[in-house]
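This is what each chain is made of:
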Amino acid sequence: MITGTPKPIGEILEMVEPYDKIIVAGCHGCVTVCRVGGEKEVQVLASTIRLAREAGGRKIEIKEVSLERQCDPEYVELMRPYVEDYQAVLSIACGAGIQFLAEKFTVTPLLPGINTGFLGVTERQGEWAERCQGCGDCVLHLTGGICPVTRCAKSLFHGPCGGSVQGVCEVDKDIKCGWQLIIDRLKALDQMDNYGKLKPYKGWSSARDGGPRRILREDMI
Amino acid sequence: MKSESNLKRVLDAGHISVTAECGPPRGADPEIVRKKAAFVAGNVDACNVTDNQTAVVRMSSLAGCMLIKELGIDPLIQMVVRDRNRIALQSDLLGASALGVRNLLCLSGDHQKFGDDPQAKNVFDIDSMQLIHMAKTMRDEGVFPSGDKLDGALQFYIGCAVNPFADPYEIRVPRLKLKVEAGADFVQTQCIYNMEKFKTYIEDAKKEGLLDKVKILAGVTPLKSAGMAKFMRRMVAGMDIPDEVVKRIGDEPKEKQAAKGIEMCIEQIQELKEMEGIAGIHVMAIEWEEKLEEIIGGAGLLPRPVIE
Amino acid sequence: MLPCTGRIDEALLLKAFENGADGVMVVGCLEGDCHYVNGNIRARARVERVYGILETINIGPDRIRMYNLSAGEGSKFAAYANEFVEQILELGPSPINVARTSTDGITSQEEAA
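Residues numbered from 1 in each chain as written. Chains lettered and ligands numbered in written order. Predicted model: local features only at pLDDT ≥ 70, side-chain atom pairs only at ≥ 80, totals over all residues. Heavy atoms only, no water.

Asks: Describe the sheet that holds strand S4 (residues 88-91) of chain A, and please don't skip the residues or the numbers.
Replies: Residues and elements named next belong to chain A. In spatial order, the strands read S3-S2-S4-S5; together these four strands make up an open sheet with parallel pairing. On the outer flanks of this sheet lie strand S3 (61-67) and strand S5 (110-112), each paired with one strand and no other. Taken over all neighbouring pairs, the strand axes of this sheet differ in orientation by 25° on average, direction set aside. With seven bridges connecting them, strand S2 (residues 21-27) and S3 associate as parallel partners. Counterpart to Cys27 in the pairing with S3 is Leu67. Packing against the sheet, helix H1 (residues 9-16) makes contact with S2, S4 and S5, and its axis sits at approximately 170° to S5. Those strands touched by helix H6 (residues 95-104) are S3, S4 and S5, and its axis lies near 170° from that of S5. (Pairing = 2+ DSSP bridges. Helix = DSSP H or I, 4+ residues; strand = E, 2+ residues; numbered from the N terminus. Axes fitted to C-alpha atoms, helices over the stretch in contact; angles between N-to-C directions. Contact = heavy atoms within 4.5 Å.)

Asks: Provide a residue-level description of the nonpolar core, including the pertinent values.
Replies: Ranked by internal contacts, the top residues of the largest apolar core, which has 86 residues, are Leu93, Leu131, Phe156, Phe198, Ile269, Leu272 and Ile281 of chain B. Take this core: its biggest share by element is six residues, from helix H5 (residues 128-141) of chain B. When sequence neighbours within four positions are dropped, the list of residues in contact with Leu131 of chain B reads Met79, Val81, Leu89, Leu93, Cys106 and Ile126 of chain B. In this structure, Val16 and Val42 of chain A together with Phe17 and Ile53 of chain C belong to the second largest nonpolar core, which totals 44 residues. (Core = buried A, V, L, I, M, F, W, Y, C linked by side-chain atoms within 4.5 Å. Buried < 20%, exposed > 50% of the residue type's maximum accessible area, 1.4 Å probe, protein only.)

Asks: Account for the pattern of salt bridges, with residues named and values stated.
Replies: As enumerated under the stated definition, the model contains 48 salt bridges over all chains in all. For Arg82 of chain B, the salt bridge goes to Asp83 of chain B, with nearest N and O atoms at 2.7 Å. By relative accessible area, Asp83 of chain B is classed as partly exposed at 38%. A salt bridge links Asp125 of chain B to Arg86 of chain B; the nearest nitrogen and oxygen atoms lie 2.7 Å apart. You can see Asp125 of chain B sitting in the loop between strand S4 (103-107) and H5 and its partner Arg86 of chain B sitting in helix H4 (residues 86-98), a full 39 residues away along the chain. Because the salt bridges share partners, they merge into one network encompassing Glu17, Asp20, Arg53 and Arg58 of chain A. (Salt bridge = Lys/Arg side-chain N within 4 Å of Asp/Glu carboxyl O.)

Asks: How would you sum up the arrangement of the chains? Please name residues and give values.
Replies: For the two pairs of chains in contact, the maximum contact count is reached by chains A and B. There is a gap between chain B and chain C: no contact, and a shortest C-alpha distance of 28 Å.

Put into structure tokens, the structure is as follows:
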């Protein structure tokens with residue numbers, strides 16, 4: 001899923017400062033699962049803003065909505081009938097969702113209520129960790145199902161570097177050395193042969209480096 | 001070949017080589033480099049010039065190489081893949097070779113988190129293993145990775161670094177093998193303090209037939225004090241300093257610890273140079289270049305051979 | 001009707017303040033005694049989050065507090081309630097109510113739960 005973290009409330013209050021009538025828009029997709037942009041978070045954020053503004057002597061009217069997904073046009077369109085009745089939309093969906101709203105509702109300012117994080121997994125309740133950078137050229141079959149691009153702080157293809165100590169990355173004691181994980185897994189799978197091969201230079205054109213990416217499925221259009 | 005690396009010639013002639021390193025300054029003053037280089041000149045066969053080590057911004061390695069070359073030292077350019085993508089790496093390889101740098105050390109580079117610009121974007125377009133391969137291809141085949149021909153091939157003696165003490169141990173020798181297959185002519189090791197573990201590493205490398213394929217230059221760093229030993233052990237990832245080493249220097253009174261550190265370093269070099277598979281000694285006297293002559297001479301490695 | 005403090009969420013607690021509460025007292029079962037295993041533990045975490053929110057927006061974190069009691073501790077409940085009311089009286093009306101009074105002269109009649 002796409003993860004994120006809430007922006008500090010002070011930053012949000014500053015963003016909504018010019019407005020007196022806004023929409024706070026959540027999303028039922030990834031951000032609901034990682035508890036940063038779902039229906040519940042919309043309620044809490046809207047209440048918080050209302051309380052802060054009223055305590056400061058200037059009330060704000062807030063419409064609370066949560067779309068099925070902010071990244072799909074059919075759900076985004078559901079906002080169209082009323083969006084122009086409001087001065088701004090504070091979205092707590094991921095960056096893709098926020099931008100999609102901005103693209104569809106061209107005269108309404110869009111404000112980001114969260115900082116979008118990464119493609120990750122729920123390690124346990126309340127803890128998420130990155131697993132994929134969407135580089136567009138997957139090599140997981142060679143690396144024991146553990147991604148060197150994402151899990152190694154230097155994205156090395158022939159790790160680990162000298163900074164790996166007892167399975168921990170030198171960058172942070174809470175980061176496991178991705179290459180130690182790869183090696184442990186390759187051993188368990190009896191695939192250490194893969195380790196000993198020189199890998200070709202990675203093509204980054206399929207990653208973000210090639211410019212904004214697009215997938216076109218002719219068969220579906 | 002006339003323009004061949006002095007380090008290569010010394011090693012090819014069967015001598016135990018000596019290399020040292022020179023960290024460029026945090027500023028544009030060339031005199032600082034010249035002053036350090038004066039301690040190095042005559043005591044080594046080649047001198048590494050570090051490339052923004054620990055991700056702290058310093059004068060570029062290439063500039064440092066040129067400054068020490070002017071003083072007659074064979075420069076060894078360190079190149080990290082942290083800060084340059086493959087375009088910049090190829091370009092810098094061409095430039096260094098054109099300016100007469102004949103030794104290259106391919107490194108990953110410390111993560112930028114440790115430097116003075118932790119907010120910098122890291123590159124890691126290719127890794128150090130692939131940099132070795134790229135330099136070798138550009139040298140031996142005279143082509144760029146794109147396949148285009150170079151107007152004048154690179155002339156480098158290609159090296160890499162290994163840390164026999166990092167985790168996990170079991171891939172340390174396979175990793176060296178990979179580096180040799182990628183094209184490394186020589187390797188410089190992380191500072192050695194744990195001689196037992198290092199001997200095991202060399203034996204394992206021998207079993208893989210690597211001792212004939214690559215020149216191993218054993219790294220040493222003289223300890224200035226017991227405090228320095230403890231600090232390095234705690235702060236430097238993959239630094240293995242056994243308790244007995246710390247105890248030996250720590251048993252001396254404070255004012256005699258530096259002399260003890262040098263004595264221990266000399267002993268260690270003498271042991272290393274007799275070891276099978278050790279082709280040279282790499283002395284990393286960190287900010288202690290003035291002691292190089294004493295250490296290298298003390299180990300019986302002076303004067304350095306002159307090979308025509 | 002709340003079957004358990006585990007049903008309370010942050011939005012509900014904040015709503016109480018929006019509706020004019022000067023303070024909110026959450027009373028759950030004794031820890032370890034939850035009929036739903038850990039409802040009261042979850043409630044405590046949520047109360048703590050709301051405490052943090054109230055602090056950042058200067059409503060005053062001390063306007064919310066969680067207590068744990070068993071059904072048989074009537075007198076203790078009374079003591080806690082008095083103690084909390086005392087605390088809120090000392091703090092005075094919430095900034096929301098102060099603003100409402102000064103802007104339109106209407107004071108919320110809702111009491112702290």
